[in-house]
Amino acid sequence: MTDPQVAVAMLGIFIFIIMLGFPIAFTLMAMGIGFGYYAYYDANRMWAPYWRALEQDTDTLTLVQHWIGGFFNNRIFDLFVNQTYSVMANDVLTAVPLFLFMGYIVERANIVDKLFHTLSIATRRLPGSMAVAALITCALFATATGIVGAVVTLMGLLAFPAMLKARYDTRFASGVICAGGTLGILIPPSIMLIVYAATSGVSIVRLYAGALLPGLLLAGLYLVYIVARATFQPSVAPRPKEPEEKIPLTKLLWMLATSFLPLALLILSVLGAILFGLATPSEAAAIGALGGLLLAMAYRALTWTRLRESVYLTVRTTAMVCWLFVGSWTFSSVFSYLGGEQVISEFVRELDLTPLQFLLLAQLIIFLLGWPLEWSEIIIIFVPIFLPLLPHFGIDPLFFGILIALNLQTSFLTPPMAMSAYYLKGIAPPHVQLIEIFRGSMPYLVMVFLSMIILYAYPDIAYWLPRVIYGQ
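These numbers come from a predicted model, not from an experiment.

Draft legend 1. Representation of the overall build of the chain in the model. A count of helices and strands for the chain gives 23 helices and 0 strands. For a compact globule of 472 residues, the expected C-alpha radius of gyration is about 23 Å, and the chain comes in at 25 Å, within 12% of that figure. Expressed as lengths along the three principal axes of its C-alpha atoms, the size of the chain is roughly 100 × 55 × 50 Å. The burial tally for the chain puts 53% of its 472 residues in the buried class. In the chain, once contacts between residues fewer than 6 apart in sequence are set aside, the share between residues at least 24 apart is 80%. As displayed, the chain has an accessible area near 21,400 Å², and 67% of this comes from carbon and sulfur atoms. Taking the average place of the 24 positive charges on the side chains of the chain and the average place of its 24 negative ones, the gap between the two points comes to 19 Å.

Draft legend 2. Representation of the environment of Ile 435 in the model. Examined against the element boundaries, Ile 435 turns out to sit in helix H22 (residues 434-457). Exposure remark for Ile 435: the relative accessible area of 45% places this residue in the partly exposed category. Each C-alpha atom of the pair Ile 435 and Arg 171 lies 9.1 Å from the other, and the pair is 264 residues apart in sequence.

Draft legend 3. Region of the structure containing the confidence of the model for the chain. Per-chain confidence: the chain averages 84 in pLDDT, with 99% of residues scoring 70 or above. Of all secondary-structure elements in the chain, the lowest mean pLDDT belongs to helix H3 (residues 43-55), at 74, while helix H20 (residues 397-407) reaches the highest, 92.

Draft legend 4. Quick peek at the nonpolar core. One finds Phe 99, Tyr 222 and Leu 263 to be the most contacted residues of the largest nonpolar core, which totals 164 residues. Element by element, the count of residues in this core is highest for helix H12 (residues 204-232), at 14 residues. If we skip the residues at most four places from it in the chain, Leu 263 touches Val 106, Ile 111, Leu 115, Leu 140, Phe 141, Ala 144 and Leu 295. Counting 5 residues, the second-largest nonpolar core is a separate cluster that includes Phe 101, Ile 105, Ala 289 and Ala 296.

Draft legend 5. A look at the layout of surface pockets. A volume near 530 Å³ is recorded for the largest pocket. Taken together, 23 residues line the largest pocket, and the ones lying closest to its centre are Tyr 104, Ile 147, Thr 317, Met 320 and Glu 374. Where the lining of the largest pocket is concerned, the elements lending two or more residues are helix H6 (95-107), helix H9 (148-165), helix H15 (304-337), helix H18 (375-386) and helix H21 (419-427). Here the lining of the largest pocket gets 5 residues from one element, more than from any other, and that element is H15.

Draft legend 6. Representation of H20 in the model. Here H20 lies mainly inside the structure; 10 of its 11 residues are buried. When H20 is considered as a whole, its buried residues turn out to be Leu 398, Phe 399, Phe 400, Gly 401, Ile 402, Leu 403, Ile 404, Ala 405, Leu 406 and Asn 407. Structurally, the start of H20 carries an N-cap: the backbone nitrogen of Leu 398 is 3.0 Å from a side-chain oxygen of Asp 396.

Draft legend 7. Summary view of the environment of Gln 56. With respect to the helices and strands, Gln 56 occurs in the loop between H3 and helix H4 (60-71). Residue Gln 56 is classed as exposed on the basis of its relative accessible area of 62%.

Draft legend 8. Spatial organisation of the packing of H20 against H22. Taken N-terminus to C-terminus, the directions of H20 and H22 make an angle of 165 degrees; their axes are 9 Å apart at the nearest point. Viewed along their axes, H20 and H22 adopt a mutual orientation that is roughly antiparallel. Here H20 runs over H22; the crossing is right-handed. Contact residues: Phe 399, Ile 402, Leu 403, Leu 406 and Asn 407 in H20; Val 448, Ser 451, Met 452, Leu 455 and Tyr 456 in H22. Within the contact of H20 with H22, the residues separate by chemical class into 8 nonpolar, 2 polar and no charged.

Draft legend 9. Quick peek at unusual backbone geometry. Following Pro 188, the chain continues into Pro 189 via a peptide bond in cis, with omega recorded as 0 degrees. Within the secondary structure, Pro 189 is located in the loop between helix H10 (170-181) and helix H11 (191-200). The phi dihedral of Arg 167 falls on the positive side, at around 70 degrees, and the residue is not glycine. Its place among the elements puts Arg 167 in the loop between H9 and H10. The class for Arg 167 is exposed, based on a relative accessible area of 58%. For Asp 352, which is not a glycine, the phi torsion comes out positive at approximately 55 degrees.

Draft legend 10. Layout of the packing of aromatic side chains. Inspection of every chain in the model, using the stated rule, returns 17 aromatic pairs. Where Phe 14 meets Phe 331, the ring centres are 5.2 Å apart and the plane angle is 45 degrees; that geometry is what we call tilted. Taken together, the residues span a long stretch of sequence, with Phe 14 in helix H1 (residues 3-19) and Phe 331 in helix H15 at a distance of 317 residues. Judged by its relative accessible area of 0%, Phe 14 falls in the buried class. Among the residues examined, Phe 331 registers a relative accessible area of 6% and is labelled buried. Taking the centre distance of 6.0 Å and the plane angle of 25 degrees together, the rings of Phe 399 and Tyr 463 count as stacked. Placement of the pair is Phe 399 in helix H20 and Tyr 463 in helix H23 (residues 460-470), with a sequence separation of 64 residues. Among the aromatic residues, those joined into a cluster by ring pairs are Phe 14, Phe 331, Phe 335 and Phe 382.

Draft legend 11. Fine view of a nonpolar patch on the surface. A contiguous nonpolar surface patch, about 460 Å² in accessible area, is contributed by Val 64, Trp 67, Ile 68, Phe 71 and Phe 72. Residue position: Val 64 is located in helix H4. Of the residues examined, Val 64 reaches a relative accessible area of 41% and is grouped as partly exposed.

Parameters and conventions
Residues numbered from 1 in each chain as written. Predicted model: local features only at pLDDT ≥ 70, side-chain atom pairs only at ≥ 80, totals over all residues. Heavy atoms only, no water. Helix = DSSP H or I, 4+ residues; strand = E, 2+ residues; numbered from the N terminus. Rg over C-alpha atoms; globule rule 2.2 N^0.38 Å. Buried < 20%, exposed > 50% of the residue type's maximum accessible area, 1.4 Å probe, protein only. Contact = heavy atoms within 4.5 Å. Areas by Shrake-Rupley, 256 points an atom, 1.4 Å probe, with all protein chains shown as cover. Lys, Arg positive; Asp, Glu negative; His and termini not counted. Charge placed at Lys NZ, Arg CZ, Asp CG, Glu CD. pLDDT = per-residue confidence, 0-100. Core = buried A, V, L, I, M, F, W, Y, C linked by side-chain atoms within 4.5 Å. 1 Å grid on protein atoms, 1.4 Å probe; cavity = no way out; pocket = protein on both sides within 12 Å on 5 of 7 lines; lining within 4 Å. Points joined across faces, edges and corners; volume = space filled by probe spheres on them. Polar contact = N/O pair within 3.5 Å; in protein donor to acceptor, adjacent residues only side chain to side chain. Axes fitted to C-alpha atoms, helices over the stretch in contact; angles between N-to-C directions. Parallel < 35°, antiparallel > 145°, perpendicular 65-115°, else oblique. Left-handed = near helix turned anticlockwise from the far one by under 90°. Nonpolar A, V, L, I, M, F, W, Y, C, P; charged D, E, K, R; others polar. Phe/Tyr/Trp six-rings, centres within 6.5 Å; stacked < 30°, edge-to-face > 60°. Patch = residues over 30% accessible without salt bridge, like charges linked within 9 Å, V, L, I, M, F, W, Y side chains within 5 Å. Salt bridge = Lys/Arg side-chain N within 4 Å of Asp/Glu carboxyl O.

Rendered as structure tokens:
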């Protein structure tokens, strides 16, 4: 087999192995080192000291030492060490554990229940008011945490039973929770965008600025759908009964000031510091982590147990992301060295696609990959395959990244591996069937595709804010 054929086989074997359920980070590292050993194998370089010792009639112990040294004298081990160091020293990735810590602390600050209760009262006169309140709470909480599982689980425990008690349609209520919980990977400050920036080399501040309006567009489409559905089909979201006692406006404003405002200010201060150049993403993330601690203290929710849990979960998730990067960069370096990247590039170019056709093909592949894989694995492993092709089709990596961020919303909502649905099913009442949650999520998939079409038709939605803040 030629080296390019070995590279293609390497990619095929990798996809087959991960479909079997093996840990992806360690699979990447093992395959990168295994195929890299073949790619960088140089007998003259590796075994020269052993052969010299053999000619000199050296003792057996020394020969064994030279043989073992020759076995490990392959450049793949140097590459692996260098890739590990590069990942751990990457300034962009420093923001990941800090944002994660901010999210886990905020999750434990006992603010979400107050926020949902207040927004339910504030939106009472709207059709589907509880669903509207749940979506806004999900969006705000997801933006602050960036952790889809945490948002869906917590809102599933808090808002989902409340909507069912108010006789909301099960599908309608479950779709709101699942869709709202995924917005955190799109709306800045998003951890997914940080990972894409580290992978693609795009400026994270420009990426944040570019993703803000598309994220708000998608959240807006969700809200329009909820209100329209509740208006034209009132049975899915019955209007709540008027409370026996009216809540004065001043009391409502105070409730908003003590629930909505603190979390909103925390998000805006972190995002504003990044967008307007007042702090680097890592510095802003540190400010956010400190703000999360102060918020938890203000709500008297900061205990040693919660702090310890937050630190543990932060370290565990950060380690997963870092080792995915190490494995991916080792794998991709060997894949490229063997000529696999060139094979794929030539294949795509020979298809003679237009930029639109290439975008559709790339987004279709990413959509399908979202069924068995998580967003982190798609961004770190498969997106780098498309990045070298972007200049050929004249596509901006920033625009491509925002389309991917929109597309990856579907990975949490599309059966059979719709993780948001499984998170919700795990804490839902027994009578709520998984198929109902899947069906409730389907309209939001349409909203995601619609937002992608709008973004392609009007790319200034992504470019306007970076142009205003940073110029051309």
